[in-house]
Amino acid sequence: MPYVVTQSCCSDASCVYACPVNCIHPTPDEPDFLSAEMLYVDPKACVDCGACASACPVDAIVSSKKLTREQQPFIEINANFFRQSRPRPLLARPVPAARIRTGRQPLRVAIVGSGPSAMYAADELLTQPNVAVTVLDRLPRPYGLARFGVAPDHEKTRKVGTLFDVISAQPGFGSYLNVEVGRDISHGELLDSFHAVIYAVGASTDRKLGIAGESMPGTVSATDFVAWYNGHPDHAADEFDLSQPQALIVGNGNVALDVARILTVDPAVLAATDIAPHALKALRESKIEEVVLLGRRGAAESAFTVPEFVGLLGAEVDIVVDGEIPDDDSGLSYQVAQKLELLRSTRTRPVGGRKRIVLRYLTSPLEIRGTDRVTGVQVGRNELAADAEGVPRAVPTGATEVLETGLVLTSVGYRGVALPGLPFDEKAGVIPNSGGGVLTEAGGEVLPGVYVTGWIKRGPTGFIGTNKSCAQETVRRLAEDYNAGRLSEPGGDAADFDRLIRSRRPAAVAGGAAVKPGRLRRLLAKS
Ligand code: SF4
């Protein structure tokens, strides 16, 4: 019986390299890796050795003999991936790892941010001898979205924090938390203190709807709500009005699904997780009975991923699809066909009088209604029309109605934010770069010693583990520059930098993810 990749797959691809028979795909050097929603085990090639399960940082790979009832769909999902015709690898061989020339003083690199892209960059650098990494984060606790963005009931995905604990316990790793670059220390000072600076700050703001009433009390971003229930220090005092029977979420991606699930599952389920106590208390008192998710386009264009929807189907909530689900999958991609099949399965899924999630399609918000706070949303009905490239686009029909609600959560994507002293591409919402090396502007000159990785480099796409190959590319670029003598020597050593930080920010927390020796031994044994 083969092993099976399940819901919490992070696309880190550690399993790919652990597999002795190369039966996990797509691999990072295959063209469909970046667009894949998860990795898949070929059941015909798997020899049942279990090496991938040991390598996976989030316990996503399970023997098919041990799958839970909710995980059973993943047997077919894995097998179906290998029934489609797939693009052939573009590369004749995998891209080689970065090689940093030794013999000079330690290469010292500052990494701004401590989320997944930062930690994978640190790990890649620390595979090389004579390298020291210093991570800086404005928050007092590390790991960014891996800590504050993953739903508390996605316990397996949260296990990636254990991998980051192992990375941060390596020799050469140091950190200063509670330090904000741009406030406590400038970009120029950082660049003077290190050979190179890598920005791994993510995409820290939300895209706006751009409609009237958007700033009215009762309209909040779904990411703020996620940060609130995950105990983010910036959002601990936030309050949300959960006294209404209906909440409305604009968007139907994975974040929207997370928020809808948290609002509707039994709080007793959440009590067994790491959810913030203030959020659990509020959810216990919540009067919300129904959460409606609005999608501009149709069911085939749903933004959520297949594994996330399989997880939702396993939750104790009623799920209703308000819109047509096409019955003909011909001509559709493997992923879209899989998504439609899962949506069709809701037709026969028992409805048990529980709180419910409604997936409403072909509907756009036009105006947030209310006087001093939200009372409803005027929405417009759409139809689909293919554009010049054949991509289905939402076209208003002119029909409108008002949906009553006291809570509107917006979840239409993230956007990067400009940083003091660094160029920024306003159109793309990223720092302009070539392979991770920062440019003066899109298509401009190289800025020596400055690099980016993660969402601020490529935009808000991919999963936690996608940042691994992204960071590897950036570190390769940095290593080439260092080996070629293009990086300036730092103006001081680690002790000088420590004095500078402590003078500017006495509340800085040095060391970051301190791991006790006993725990480290256990972590290393697992990793
Ligand atoms: Fe590969 Fe072994 Fe995992 Fe099967 S069980 S996918 S052969 S590593």
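Quick caveat, the model's predicted, so the values are computed rather than measured.

Structural notes on the site of the ligand
Argument step 1. Neighbouring residues of the ligand: 14 residues in total, closest Cys 19, Cys 46, Cys 49, Gly 50 and Cys 52.
Argument step 2. The residue inventory of the shell around the ligand, partitioned by class, reads twelve nonpolar, one polar and one charged.

Here we look at the sheet that holds strand β12 (residues 290-294)
Argument step 1. On the basis of which strands lie adjacent, the open sheet formed by six strands has the order β10-β18-β11-β12-β14-β13 and parallel pairing. Both edges of this open sheet fall to β10 (219-221) and β13 (318-322), since each of them pairs with a single strand only. When the angles between neighbouring strand axes are averaged without regard to direction, this sheet yields 20 degrees.
Argument step 2. In terms of strand pairing, strand β11 (residues 246-250) meets strand β18 (residues 407-410) through four bridges, oriented parallel. Pairing of Ile 249 across the sheet is with Leu 409, part of β18.

Regarding the pairing of strand β16 (residues 374-386)
Argument step 1. Across seven bridges, strand β15 (residues 363-370) lies against β16 in antiparallel orientation. Residue pairing in the sheet places Ser 364 in a bridge with Gly 380 of β16.
Argument step 2. If you look at the hairpin formed by β15 and β16, you'll find three residues sitting between the two strands.

Structural notes on the sheet that holds β15
Argument step 1. Pairing in this open sheet of three strands is antiparallel, and the strands run β15-β16-β17 from one edge to the other. The open sheet is flanked by β15 and β17 (392-404), the only strands paired with a single partner. In this sheet, neighbouring strand axes are inclined to one another by 20 degrees on average, regardless of whether the strands run parallel or antiparallel.
Argument step 2. Pairing analysis gives ten bridges linking β16 to β17, with the strands arranged antiparallel. When the bridges of β17 are listed, Gln 378 appears paired with Val 402.

Quick notes on the packing of aromatic side chains
Each aromatic ring pair is characterised by the separation of its centres together with the angle its planes make.
Argument step 1. Inspection of every chain in the model, using the stated rule, returns 14 aromatic pairs.
Argument step 2. Ring plane angle 80 degrees and centroid distance 5.9 Å describe the contact between Tyr 40 and Tyr 334, whose orientation is recorded as edge-to-face. Within this pair, whereas Tyr 40 is found in strand β3 (residues 40-41), its partner Tyr 334 is found in helix α14 (residues 334-345), the two being separated by 294 residues in sequence. When sorted by exposure, Tyr 40 lands in the same class as Tyr 334, which is buried.
Argument step 3. Arranged with centres 4.7 Å apart and planes meeting at 15 degrees, the rings of Phe 304 and Phe 309 form a pair that is stacked.
Argument step 4. Accessibility expressed as a relative area gives 0% for Phe 309, which makes it buried.
Argument step 5. Linked through ring pairs, Tyr 40, Phe 81, Phe 82 and Tyr 334 together constitute an aromatic cluster.
Argument step 6. Lying across the ring of Phe 194, Arg 108 places its NZ or CZ 4.6 Å from the centre.
Argument step 7. Above the plane of the ring of Phe 304 lies Lys 339, whose end atom (NZ or CZ) is 5.7 Å from the centre.

Overview of the nonpolar core
Argument step 1. One finds Ile 111, Leu 125, Tyr 229, Leu 263, Phe 309 and Leu 343 to be the most contacted residues of the largest nonpolar core, which totals 109 residues.
Argument step 2. Per-element tally for this core: the top contributor is helix α4 (residues 116-126), with seven residues.
Argument step 3. In this view, Phe 309 contacts Leu 257, Phe 304, Ile 319, Leu 342, Leu 343, Thr 346 and Leu 359; residues no more than four positions away in its chain are not counted.
Argument step 4. In this structure, Phe 194, Tyr 199, Ile 431 and Phe 497 belong to the second largest nonpolar core, which totals 21 residues.

Focus on the domain arrangement of the protein
Argument step 1. On domain assignment, one finds that the protein holds domain 1 (3-81), domain 2 (107-204 + 416-526) and domain 3 (208-414).
Argument step 2. Taken over C-alpha atoms, the centre of domain 1 sits 28 Å from the centre of domain 2.
Argument step 3. Tallying the contact residues gives 16 residues for domain 1 and 14 residues for domain 2.
Argument step 4. Roughly 1200 Å² of surface becomes buried between domain 1 and domain 2 when both sides are summed, with 51% attributable to carbon and sulfur atoms.
Argument step 5. Of all residues in domain 1, the largest losses of buried area upon contact with domain 2 belong to Asp 12, Pro 57 and Asp 59, amounting jointly to 34% of the total for that side.

Rules and cut-offs
- Residues numbered from 1 in each chain as written.
- Predicted model: local features only at pLDDT ≥ 70, side-chain atom pairs only at ≥ 80, totals over all residues.
- Heavy atoms only, no water.
- Near = heavy atom within 4 Å.
- Nonpolar A, V, L, I, M, F, W, Y, C, P; charged D, E, K, R; others polar.
- Pairing = 2+ DSSP bridges.
- Helix = DSSP H or I, 4+ residues; strand = E, 2+ residues; numbered from the N terminus.
- Axes fitted to C-alpha atoms, helices over the stretch in contact; angles between N-to-C directions.
- Phe/Tyr/Trp six-rings, centres within 6.5 Å; stacked < 30°, edge-to-face > 60°.
- Buried < 20%, exposed > 50% of the residue type's maximum accessible area, 1.4 Å probe, protein only.
- Lys NZ or Arg CZ within 6 Å of the ring centre and 35° of its normal.
- Core = buried A, V, L, I, M, F, W, Y, C linked by side-chain atoms within 4.5 Å.
- Contact = heavy atoms within 4.5 Å.
- Domains from an automatic or database assignment.
- Buried area = accessible area lost by both parts, 1.4 Å probe.

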